[in-house]
There are 2 protein chains.
Amino acid sequence: MTEEQLNLVRRLAAQLRVDSIRCSTQAGSGHPTSSLSAADLMAALLVGHLHYDWDQPHLAANDHLIFSKGHASPLLYSMFRAVGVVSEEELIDTYRQLGARLEGHPTPGLPWVDVATGSLGQGLPDAVGVCIAGKYLDRLPYHVWVLCGDSETAEGSMWEALDKASYYKLGNLTAIVDVNRLGQRGPTELEWDLDRYAARVSAFGARPLVIDGHDPVAIDQALSEARAGGDQPTVVLARTVKGKGVPEIEDQNGWHGKALPPDMADRAIAALGGRSDLKIATSNPEPGTSAIAPEPSATVTLPTWGVGEKVATRVAYGAAVAALAVRPEVVVLDGEVGNSTGAAEFQKVSPERYFEIFIAEQQLVAAAVGLSVRGYVAFATTFAAFFSRAYDFIRMAGISEVNIRLVGSHCGVEIGADGPSQMALEDLAALRAVHTSIVLYPADAPATAALVAEMADTAGIVYLRTTRGAYPVIYPPDEAFPVGGSKVHRAGAHDQVTLIGAGVTLHECLAAADELAGSGIAVRVIDAYSVKPIDRDTLVQACRVTDGRMIVVEDHYPEGGIGSAVLQALATASVPALQLAHLAVPGLPTSGTPAELLDAAGISARHIVDAARRLVEA
Amino acid sequence: MTEEQLNLVRRLAAQLRVDSIRCSTQAGSGHPTSSLSAADLMAALLVGHLHYDWDQPHLAANDHLIFSKGHASPLLYSMFRAVGVVSEEELIDTYRQLGARLEGHPTPGLPWVDVATGSLGQGLPDAVGVCIAGKYLDRLPYHVWVLCGDSETAEGSMWEALDKASYYKLGNLTAIVDVNRLGQRGPTELEWDLDRYAARVSAFGARPLVIDGHDPVAIDQALSEARAGGDQPTVVLARTVKGKGVPEIEDQNGWHGKALPPDMADRAIAALGGRSDLKIATSNPEPGTSAIAPEPSATVTLPTWGVGEKVATRVAYGAAVAALAVRPEVVVLDGEVGNSTGAAEFQKVSPERYFEIFIAEQQLVAAAVGLSVRGYVAFATTFAAFFSRAYDFIRMAGISEVNIRLVGSHCGVEIGADGPSQMALEDLAALRAVHTSIVLYPADAPATAALVAEMADTAGIVYLRTTRGAYPVIYPPDEAFPVGGSKVHRAGAHDQVTLIGAGVTLHECLAAADELAGSGIAVRVIDAYSVKPIDRDTLVQACRVTDGRMIVVEDHYPEGGIGSAVLQALATASVPALQLAHLAVPGLPTSGTPAELLDAAGISARHIVDAARRLVEA
C-alpha cells in the first residue's frame, strides 16, 4: 500500500469506529466494542484487498467477506456504508429495528451477506464450502475473507474447518482472528497468547501470521501474503484491543454487547475525529466466470426398478444422485460413510464433484451451506442420527435461507443390531422444526429416486430419510411424488380405519391392511412420504371417511414426528372427533434384528392389526 | 511390567482378539477389525494399569474406562469376559441379540460402562467431565482412560475436549488413540502421520506419547507415564494395524464393520492360538472416598419475590441455583455467557463448583454427562438456541440414561433486537423428542425457583427454558410446581375458550383473558409450565368445559412444541371435536423490541383476543 492508502485506512478505520458507535448507541444495543477492535483490520481489507463489485453482489468473480463473529455487525454495516451501498440514514436509524435488514446479527437479507452468523464458530466452516467451490468448481481466483472472534476458537467446528481447509489446500481462504482477549463474561482462554494460537493453526495445516491488529502496515502486509497464499489457508492472528479507540473502555471487561451511553458516545466520536463521509472504491474482481455452468434442464435418467424387487432406499438414493451427476451444479458431500449411505455411487461417476468431509458433521453441513452460496446443489449425506451433530448448523442454514439437501440413512429401530446410538429416532422432530425445512421419507426405491431428483430443485433445508434394509418396490417407475403429496392405497368408500405410515412403516401398514382385509375390516393406507409439508387434504378426507379412526405408525420417538404432523394437519380442519392410535417407538431400543426391533417397538404389522381391531370394536 | 506380566499381556491380547472375532462372527455383524487393532493396548491396560474393583463398579475410587470408539464393543466385552464379569456364553451367544445388554455399541445398561458411545467424538468429552469430578470435586486419584479411534479426531468435539482438559490441567486423563489408518470407507485424513497428530495434541496443551500400539513394552511404558501425568493430560498415539492378528485382512480396506465369515474366523482363531480362558485380576483402586458427600436433604432456602414484581426468569434461575449451592453435589457449568443466563450467581457463592467451559457447547453438555457419571447434579447453562450445537450429545445422554440439567435462556422472539440467530425457536421440539427428557418453561420467578430446585432431584435430561425480559411475578412464594403439573387461572364452569401458554406467552394469555372478560367472554388460562410431561388431565377437563375451543400460544415455531404436546395429549382422550387456534411463530423473525416481535409473530394478547373471538363466534 502507498502512504496515501495507509492514510486512507487510518481515516476509514476512524469512520468505521464512529459509525459503529453511532448506530449501536442509537439502537440502544449491539456490540460496539467487538467492532472497534477489528476496525483497522476491516479498513485495510476494504481499501486494499477486497475485490468486490458492490453493484453486482452475486457476481461469480467477487471475493467473499463473512463475519464469523456476527455480533460485530455494527462494523460490517459501517463498511457497507463506506462503500456506498447502505445510506447513513439506514445505518443510524434502522439498525436493530423491527423489520429492518440491518439486523442485530447479519443475514442474507442483505445482498452482500452470504450466510447468517451469530451462532459462533459457523462463519469459518461455511467459508470452507465457498472456498471448495472457488478452487474446485468455479475455478475462479476469488478470495474468501472471514473475520473471526477469538472466543469462537473454543468451538470445535473452527478446527474442523481449518482441518478441511488444509486437507483441500484452500489457499483462497483467509481467517482473520480478532484476538481482543475478552469474551462476553471475561478473558478468553488463551487471552493474548498468540504463540499458542499460532501453534494450533500450524498443527492444523494452516499458515499463521501474527500481527498487531491496529497497525495498518502490518495488516496490509499480512493480507497481501494471505491472498498470495498458494495452496495453504492463512490465519491472520491479529492482536487487538477490545474497544480500541475509546480509551475509557479499552481492554475493559464488562463492555461486551453494550451500546455506549449517549454522552460517552459523543465524547468518543469527537475524540475519533467526528462523523465523516469517506466513500471507498474497492477493487473490482478480475473478470471471470465460473468453470461450471449449471444445467438445471439437463435430462436426468433416473434408475428404475421392477415392482416387488427388494431395494433399500439408501441404495436408491445412491443410484438417483449418481444419475443427477449430468447436472454439473450437483455436488455430493460425504461424512465418511459414503459406502453405507449410497453417496459413493456419485463418486464413481463424478469424483471431481464428490468431497469427502470425513467424520465432521458440522463441517459437512457447513460445506453444503457454502456451496449453496455459490449456487451449487449440494447433497450432504451421512447417517440420519449424525445430522443431530450439526443441528445448530442446520438451524442457522434455515436462518440463512440457503438451499441445502441433507440425506440421512439408517433411521429408526429398523437399522437393527448396531443399537440406539446409530438409530435416528428424533430426526423428524428436529428437522420439522427448522425454518424452511422440507422433510421426506420415501418407502421404496422409485419414490426415493423421484424425490432425490425433486430435491435438486426444491428450495430450503430439504431432508430425506432413507432406510437401511431392502424392502419391496411398490410403485411403478413413472409414478410422480410431488413434495407435499401422499399416496393412498386401498381406498374405498366404506373404509373403517385409516393407516398412515412412511418409509419402513408403510410396508408394515400394507401388510396389516392385507390381514385386516382378510378378516373383513376395510382400511385405507396413506403413504405420508412428504412429512413436511404433509398432505392435509388427503388426511382430512380419510379422516372423514373413516369417521376419525386413524392409526399413525412411525419408526421414531412419539414426539414431533409423523404423528405430530398428522395431528397438526387435522387440528384446524373440520373433521370428526379423532379416535387415534399412535404407534411410535416407546422407549430405548436395544440391538436385535430389524423385524424383532420393529415388533418390540410396537410398530410392526401385528401391532397395527391389533390397534385397528380395537378402534373398530370401540 | 515384569516379563511375566508382559507375557500375560501377549496371551490376553490373543484372547481378546479371539473373543472379538468369535462374538462378532456369531452375531453376523459388528466391528472385529477395529477391535483387533486395539487389543494389545487394552490387554496392557487391564494387566498393568487399570485400577478397578469389578465387584463394585460404582466405587468412587475406581478408574474409568470409556470406549470413545464404541464400535469396538467386541473388544470391550471381551475384556469384561477376561475379568470375569461377563461369561463366555453371554459374550458369544447374546452379543447384538434382542434385549441383550451386550449391545452393538456400549451403553450403561452394563454397570461397567459409564456412558453410551457410538456417535464418535463423544467419549473423550464425556471423560473430561469425569476428570473434572476426580480432580476438583472427588479429589481422588482415579484415572480416566479413553480408547479413541483415529477417525474421530476429525470431530471438533475432540479438540474442545483436549482444550478443556489442558485448561483444567487434567493429568488424570489419558486418551489412547488407536491410529489404525483406516476409517469406514477408506484411509483416514492423516493416516499414519503420527507427527501431525502429535503436533495437534501438543498445540492443544496435552502431552503426546507416540508408540507402536502392538508393542507391549512400549504400551506399558506409555501408560505408566500417562498415569504419572502430573497436571497435563496425556494422549497416547498408538500406531496400529487394523485387523491386526488376522494377516489376510490386516491393513485392508473394505473390512470395517464386517464380521469375519465363519471359515475365515476359524482360521484366524486357530492362528491366534485358539480359544482360551485367561482370567485377569486387575489392581484394586487405592481405598478412598469422595471429598464431597452429597446432601440431597440439605435445607435449600429458595429466593422469594412479591407478586407483581418484575423479574426475568433467567435472573430467578441464577438466584435459585445459587441457593442450591448448599448441596455440595450441585455443580454449575457455563458456556461463557454466565452473566446473561444467571449462572454466574452460583459462581459468587460456590466458585469451586462452577466451571467455565467457554464457547464450546458440545463440551458443556459432555461435562455435565461426565459429572453425572460421578453422581454430581450438574446444571449446564447457555442460551437456549445454542444447546442445538450439542444436540447429538443430548441425544446420546438420553441413551446413556444419565441425569443432566440444561438451562437455556434467551428463548424465542422475546429476546428482541439480537435477531433470529440468538432466538431458540425449535428447542422445545428438539428436546421433547429426546429419550428421558423433561421440558419445563416457567412463566415467573417463583415457578422458576421451584422448578430449579425440583430439577436437582429429577432424573433424565431435564431442560428448563428461561426468558430474557422481566415480567410480573404471578405466583406466591409457597406455590408448588410439580413436574407434569400445570396451573389453571380464571377457571369457571361456563368458560367458552381455553387459552394455553407457557413462559412469556402465559402473560399474553392472561392479558388477553382480562380483555375478553371485559367483553363478556369467559376464558380459562392454563400455564403449561411442564411441557413434557404435559398435564393431560387438566387439558382434557378444560377441553370438555370449553367444548373443544382451545388456543395454544407459544414463542416457538409451529412444529413440535407446546401445540404439539397439547394435541398429543388430547388425541387419545375422549374429548369434543377440537376447534383449535395455534398461535406460534410463523416465519423468520427480524430484530425489534420484544413487544414488537411478539406482536409481529402473532402471539401477543391482541392476537389471542382475536382468535378467541373467532372461536366463540364460529
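Relevant structure appears above.
Residues numbered from 1 in each chain as written. Chains lettered and ligands numbered in written order. Predicted model: local features only at pLDDT ≥ 70, side-chain atom pairs only at ≥ 80, totals over all residues. Heavy atoms only, no water.

### Some remarks on the overall build of chain A
Point 1. Of the regular secondary structure elements, chain A holds 22 helices and 19 strands.
Point 2. Its C-alpha atoms give chain A a radius of gyration of 27 Å, within 12% of the compact-globule value 25 Å for 618 residues.
Point 3. With respect to the three principal axes, the spread of C-alpha positions in chain A is 90 × 50 × 40 Å.
Point 4. Residues classed as buried in chain A amount to 70% of the 618 residues present.
Point 5. Of the roughly 17700 Å² of accessible surface on chain A, 50% is carried by carbon and sulfur atoms.
Point 6. Averaged over its 47 positive side-chain charges, chain A has a centre that lies 2 Å from the centre of its 72 negative ones. (Helix = DSSP H or I, 4+ residues; strand = E, 2+ residues; numbered from the N terminus. Rg over C-alpha atoms; globule rule 2.2 N^0.38 Å. Buried < 20%, exposed > 50% of the residue type's maximum accessible area, 1.4 Å probe, protein only. Areas by Shrake-Rupley, 256 points an atom, 1.4 Å probe, with all protein chains shown as cover. Lys, Arg positive; Asp, Glu negative; His and termini not counted. Charge placed at Lys NZ, Arg CZ, Asp CG, Glu CD.)

### Looking at the interface of chain B and chain A
Point 1. Listed as interface residues are 97 residues of chain B and, on the opposing side, 97 residues of chain A.
Point 2. With both sides pooled, the region where chain B packs onto chain A buries about 7900 Å², and carbon together with sulfur makes up 52% of that total.
Point 3. Counting every contact that joins chain B to chain A gives 16 salt bridges.
Point 4. As a salt-bridge pair, Arg389 of chain A and Glu155 of chain B come within 3.8 Å of each other at their nearest N and O atoms.
Point 5. Counting across the interface, chain B meets chain A through 54 residue pairs in polar contact (both at pLDDT 80 or more).
Point 6. Sorting elements by how many residues they give to the side of chain B that touches chain A places helix α7 (residues 156-167) of chain B first, with seven residues. (Contact = heavy atoms within 4.5 Å. Buried area = accessible area lost by both parts, 1.4 Å probe. Salt bridge = Lys/Arg side-chain N within 4 Å of Asp/Glu carboxyl O. Polar contact = N/O pair within 3.5 Å; in protein donor to acceptor, adjacent residues only side chain to side chain.)

### Some details on the packing of aromatic side chains
Point 1. Scanning all chains against the criterion turns up 36 aromatic pairs over all chains.
Point 2. Geometrically, the ring pair formed by Trp159 of chain A and Phe204 of chain B is edge-to-face, given 5.1 Å between the ring centres and 85° between the ring planes. Highlighted residues: Trp159 of chain A in helix α7 (residues 156-167) and Phe204 of chain B in the loop between α8 (194-203) and β4 (207-212), drawn from two different chains. Assigned by exposure class, Trp159 of chain A and Phe204 of chain B land together as buried. (Phe/Tyr/Trp six-rings, centres within 6.5 Å; stacked < 30°, edge-to-face > 60°.)

### Notes on the sheet that holds strand β15 (residues 497-501) of chain A
All names here are of chain A.
Point 1. Overall, mixed pairing links the five strands, which are arranged β14-β16-β15-β18-β19 in an open sheet. Looking at strand neighbours, the two that pair on one side only are β14 (487-489) and β19 (579-583), the edges of this open sheet. Each adjacent strand pair in this sheet contributes to an overall mean axis angle of 20°, direction not counted.
Point 2. The pairing of β15 with strand β18 (residues 549-553) spans three bridges and is classified as parallel. In the sheet register, Thr498 faces β18, and the bridge partner there is Met550.
Point 3. Its contacts with the sheet put helix α22 (residues 605-617) on β15, β18 and β19, and the angle it makes with β18 is roughly 160°. (Pairing = 2+ DSSP bridges. Axes fitted to C-alpha atoms, helices over the stretch in contact; angles between N-to-C directions.)

### Notes on the relation of the copies chain B and chain A
Each of the two copies of the chain can be brought onto the other by a rotation about an axis and a shift along it.
Point 1. Rotating chain B by 180° about the axis while translating it 0.0 Å along that axis superimposes it on chain A, leaving an RMSD of 0.0 Å. The operation mapping one copy onto its partner corresponds to a two-fold rotation axis. When C-alpha positions in chain B are compared against the rotation axis, the closest is assigned to Gly156 of chain B, at 1.8 Å.
Point 2. Interface residue correspondence from chain B to chain A reaches 100%, placing this contact among same-surface, isologous pairings. (Least-squares fit on C-alpha atoms with pLDDT ≥ 70 in both.)

### Focus: the pattern of salt bridges
Residue and element names in this part refer to chain A.
Point 1. As enumerated under the stated definition, the model contains 72 salt bridges over all chains in all.
Point 2. Here Arg10 and Glu3 are joined by a salt bridge, their closest N and O atoms 3.6 Å apart.
Point 3. Among the residues examined, Glu3 registers a relative accessible area of 51% and is labelled exposed.
Point 4. Among the salt bridges present, the one from Arg327 reaches Asp457, with a minimum N-O distance of 2.9 Å. In this pair, Arg327 is assigned in the loop between α11 (313-323) and β7 (330-334) and Asp457 in the loop between α17 (445-455) and β12 (461-465), connecting sequence segments 130 residues apart.
Point 5. Assessed through its relative accessible area of 4%, Arg327 is described here as buried.
Point 6. According to the relative accessible area criterion, Asp457 is exposed, its value standing at 53%.

### Considering the pairing of strand β2 (residues 144-149) of chain B
Residues and elements named next belong to chain B.
Point 1. When you tally the buried positions in β2, you get six out of six residues, the bulk of the element.
Point 2. The alternating pattern of β2 places Val144, Val146 and Cys148 and Trp145, Leu147 and Gly149 on opposite faces, both of which are buried.
Point 3. Relative to strand β3 (residues 173-179), β2 is paired through six bridges, and the arrangement is parallel. Bridging from a neighbouring strand, Cys148 pairs with Val177 of β3.
Point 4. One crossover worth recording links β2 to the parallel β3 by way of α7, and it is right-handed. (Right-handed = clockwise from strand over helix to strand, strands pointing away.)

### Quick look at the packing of helix α18 (residues 504-518) of chain A against α22 of chain A
Residues and elements named next belong to chain A.
Point 1. With their axes 8 Å apart at the nearest point, α18 and α22 run at an angle of 55° to one another. It follows that α18 is oblique to α22 by the angle criterion. The interaxial crossing formed by α18 with α22 has right-handed handedness. Along the contact surface, α18 presents Glu508, Cys509, Ala511, Ala512, Glu515 and Leu516, while α22 presents Ala605, Ile608, Val609, Ala612 and Arg613. (Parallel < 35°, antiparallel > 145°, perpendicular 65-115°, else oblique. Left-handed = near helix turned anticlockwise from the far one by under 90°.)

### A closer look at the side chain of His556 of chain A
All names here are of chain A.
Point 1. Mapped onto the elements of the fold, His556 is located in the loop between β18 and α20 (562-571).
Point 2. For His556, a relative accessible area of 0% gives the class buried.
Point 3. A distance of 3.2 Å separates a polar side-chain atom of His556 from the backbone nitrogen of Leu428.
Point 4. Non-local contacts of His556, meaning those with residues more than four positions away in its chain, are made with Leu425, Glu426, Asp427, Leu428, Ala429, Arg465, Gly561, Ala584 and Val585.

### Thoughts on α20 of chain A
Point 1. With respect to burial, α20 of chain A is a largely interior element, nine of its ten residues being buried.
Point 2. Buried residues of α20 of chain A: Ile562, Gly563, Ser564, Ala565, Val566, Leu567, Ala569, Leu570 and Ala571 of chain A, and no others.

### Re the sheet that holds strand β3 (residues 173-179) of chain A
Sheet strands pair by backbone hydrogen bonding; their relative direction is either parallel or antiparallel.
All names here are of chain A.
Point 1. The strand order β1-β2-β3-β5-β4 describes an open sheet built from five strands, whose pairing is parallel. The two strands at the open ends of the sheet, each matched to only one other strand, are β1 (64-67) and β4 (207-212). When strand polarity is set aside, the average angle formed by the axes of neighbouring strands in this sheet is 20°.
Point 2. In this structure, β3 lies alongside strand β5 (residues 234-239), joined through six bridges in parallel fashion.

### Here we look at unusual backbone geometry
Point 1. A cis amide bond links Lys532 of chain A to the next residue, Pro533 of chain A, at an omega of -5°.
Point 2. Here Pro533 of chain A lies in the loop between β17 (530-532) and α19 (536-545).
Point 3. Residue Arg139 of chain B is not a glycine yet carries a positive backbone phi of 50°.
Point 4. The topology assignment puts Arg139 of chain B in the loop between α6 (123-138) and β2.
Point 5. Of the residues examined, Arg139 of chain B reaches a relative accessible area of 58% and is grouped as exposed.

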